[in-house]
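Observations on chain architecture
Listed below are the residues making up each chain.
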Amino acid sequence: MDLNSIQWAEFTIGKIFQVSRGKRLIEKDRIKGNVPYYSASASNNGLTDLIQNPLFIANDCIIITTFCDSYYVKGEFTASDEISILKNEFLTEFSGKFITKMIIANREKFAFGYKAFTERIKRQIIQLPVNSNGYPDYEFMDNYTRQKESEQIAKFTSYINARLEKVKNFREVPKLENKKWNEFFIEDIFHIKAGKRLTKADMIKGETPFIGASDSNNGITNFVSNTNSSLDSNVLGVNYNGSVVENFYHPYKAIFSDDVKRLSLKEVEGNEFLYLFIKTIILKQKSKFQYAYKFNEARMLRQKLLFPTDKNGRIDYDYMENYIKKIEYEKLTQYIERKTMNPQL
C-alpha cells in the first residue's frame, strides 16, 4: 500500500470527530485501581495512573494532550482536563493510530504559552486519505496501519530470535551478592581517550552518530558526515560535562564531543556484555559529581570502581559477560512466554 497513490484532503478535527474534554482529578483524590488515567505526559503514551474512582469513562478513542501529543487508547479509560478526547463511529484501533500521526504534525505550533486546548483542537486542520466520495478513507487507514504494524512485528520477532541465539549459551554464575568484589582505579583498567570539539555551526548532516554529553538516546545528539580523530567504536562514551557520569556503549562507528571520554578495556577486548555491566558500575559514581564538580580526566583516572573478582583477585570479565547474557536471556524468554499467552502484547 502506497501513501502516494491515494488522494488526500484537509479536514477540521471538530467536523469529523465528537471532541470532549477530560475532567481533573488531582493525585491526592485518586484511589488506586484498574482504570487507566491519562494526562498531559509525553511518556508512557500519556498513561499516568491506574485508579478506581474515575469521574467518567471513555473507550476506544484518540486522545490529545495540551502539547499535541496524541495516542489511540484501546478499551476503557478516564482522563484529566488536559486531555481532549476524539471519537466517531468509524474509528478503529488501526485507523486511530494512523490519525494520531497526522495530529502530531501540528505539534510544533503548541507550547506552554499556547497550549492545545479542546477548542483549539476542534479548529485544527489535518490531512487524511479520502475515498471516492471525498470522505476520510478509514478502511485504507486501517489496512495501511495493520500492514505496517505486521511488518514491524516481523522485524522485531526476527531481532528477538537473533538475540536469543546470541545469549542462549551463557554460563551459570553466582548472584552479585555471592561474588567477591574489589576496588580498582579507572586508569588501571581502561584506555581513556578524549573526544573532539565540533560545534553545531560546523556540523554537516550525514549518517555518522555524533555523541554529546546527553543522558538520553544513547548519547546521540546528531547525525553528521564530519569525521575527526575521535572516530571510534566498541567503546563506552562517558560524560565528564553536561549530564556527568552518564555513559553509553557504542558498538557502531561514531565521533565524540570533547565533553565525552572514550573508555576501552586494557586487559581484554571489550564487548557489549562487558560494557553494559561496567556502565552500571560507573553510574554508581554519579551522585558525587555535578556541574560544579566535574568528572574531569584527572578525577576520572583516580576514581575507584568496584568490580567482581576471581579467586586470584583479578577482575572476573567472564563473570560479567555471562551475568549480562543470563539477564538478557531471562528477559527475552519471559517476553516470549507472555506473548504466547497474550498475542496482543
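Residues numbered from 1 in each chain as written. Predicted model: local features only at pLDDT ≥ 70, side-chain atom pairs only at ≥ 80, totals over all residues. Heavy atoms only, no water.

1. Observations regarding the overall build of the protein chain
Short version of the rule: What counts as a helix is a DSSP run of H or I of at least four residues, what counts as a strand is a run of E of at least two, and both are numbered from the N terminus. In what follows, residue pairs with any heavy atoms lying within 4.5 Å of each other are defined as contacts. Asp and Glu are treated as the negative residues and Lys and Arg as the positive ones, with His and the ends of the chain left uncounted. Working definition for charges: the position is that of NZ of Lys, CZ of Arg, CG of Asp or CD of Glu.
Along the protein chain, the regular secondary structure elements total eight helices and 17 strands. Expressed along its principal axes, the backbone C-alpha trace of the protein chain runs to roughly 75 × 50 × 45 Å. In the protein chain, the share of contacts with a sequence separation of at least 24, taken over all contacts with a separation of at least 6, comes to 67%. Mean positive and mean negative side-chain charge positions of the protein chain (51 and 43 charges, respectively) differ by 4 Å.

2. Brief notes about helix α6 (residues 272–283)
To keep it simple, the criterion reads: One less than the number of residues in a helix, times 1.5 Å, gives the span that helix is expected to have. The rule is simple: take the accessible area with a 1.4 Å probe, protein chains only, and divide by the maximum for that residue type; under 20% is buried, over 50% is exposed, in between is partly exposed. Any pair of nitrogen or oxygen atoms within 3.5 Å is treated as a polar contact; in protein, a donor-acceptor pairing is required on top of that, and neighbouring residues in sequence qualify only through side-chain atoms on both sides.
Taking 1.5 Å per residue as the helical rise, α6 with its twelve residues ought to reach 16 Å, and the 16 Å between its terminal C-alpha atoms agrees with that figure. Burial of α6 is extensive: nine of the twelve residues sit out of reach of the surface. Along α6, the positions that sit buried rather than exposed are Glu272, Phe273, Leu274, Tyr275, Phe277, Ile278, Lys279, Ile281 and Ile282. Regarding α6, its N-cap is Asn271, as a side-chain oxygen of that residue lies 3.0 Å from the backbone nitrogen of Phe273 further along.

3. Points about the nonpolar core
Let me state the cut-off plainly: As used here, the term nonpolar core means buried Ala, Val, Leu, Ile, Met, Phe, Trp, Tyr and Cys residues forming a set that is joined through side-chain atoms within 4.5 Å.
Phe190, Leu263, Ile278, Phe307 and Met320 are the most contacted members of the largest nonpolar core, which has 31 residues in total. Broken down by secondary-structure element, the contributors of at least two residues to this core are α5 (186–189), β10 (190–194), β13 (235–239), β16 (260–265), α6, β17 (304–308) and α8 (317–341). Among all residues touching Met320, those that are not within four sequence positions of it are Phe273, Leu274, Phe277, Ile278, Phe307, Pro308 and Ile315.

4. Here we look at the sheet that holds strand β15 (residues 255–256)
Our working rule: Being paired, for any two strands, means DSSP has found at least two bridges between them.
The sheet built from three strands is open, its strands ordered β12-β11-β15 with mixed pairing. Both outer strands of the open sheet, β12 (220–224) and β15, are each paired with one neighbouring strand and no more. Direction of pairing for strand β11 (residues 205–211) relative to β15: parallel, over a ladder of two bridges. Bridge pairing links Phe210 to Ile255 in β15.

5. Points about the packing of helix α2 (residues 93–104) against helix α4 (residues 138–167)
To keep it simple, the criterion reads: Under this scheme, a helix contributes an axis fitted over its contacting stretch, all axes are lines through C-alpha atoms, and angles between N-to-C directions fall in the 0 to 180 degree range. Roughly parallel refers to an angle under 35 degrees, roughly antiparallel to one over 145, roughly perpendicular to one between 65 and 115, and oblique to any angle outside these ranges.
Contact geometry for α2 and α4: axes closest at 7 Å, N-to-C directions at 90 degrees. As the angle between them shows, α2 and α4 are arranged roughly perpendicular. When α2 is examined against α4, the residues Phe94, Ser95, Lys97, Phe98 and Ile99 are found in contact with a partner set consisting of Tyr138, Met141, Asp142, Tyr144, Thr145, Arg146 and Glu149.

6. Side note on the environment of Pro54
Locating Pro54 in the fold gives a position in the loop between β4 (47–51) and β5 (58–65). Put simply, Pro54 and Arg30 are 24 residues apart on the chain and 8.1 Å apart in space, counted from C-alpha to C-alpha. Dropping the residues within four chain positions of it, Pro54 is found in contact with Val35 and Thr78.

7. Focus: the layout of surface pockets
Threshold: A 1.4 Å probe that fits but cannot get out identifies a cavity on a 1 Å grid over protein atoms alone, an open set with protein on both sides within 12 Å along at least five of seven lines counts as a pocket, and a residue lines either if it has an atom within 4 Å of a point. Grid points are joined across faces, edges and corners, and a volume is the space filled by probe spheres set on the points.
Space inside the second largest pocket adds up to approximately 350 Å³. As for the second largest pocket, its lining consists of 14 residues, and the residues nearest its centre are Leu276, Phe277, Thr280, Tyr323 and Ile324. Contributing elements (two or more residues each) for the lining of the second largest pocket: α6 and α8. Looking at the lining of the second largest pocket, the element that brings in the most residues is α8, giving five residues.

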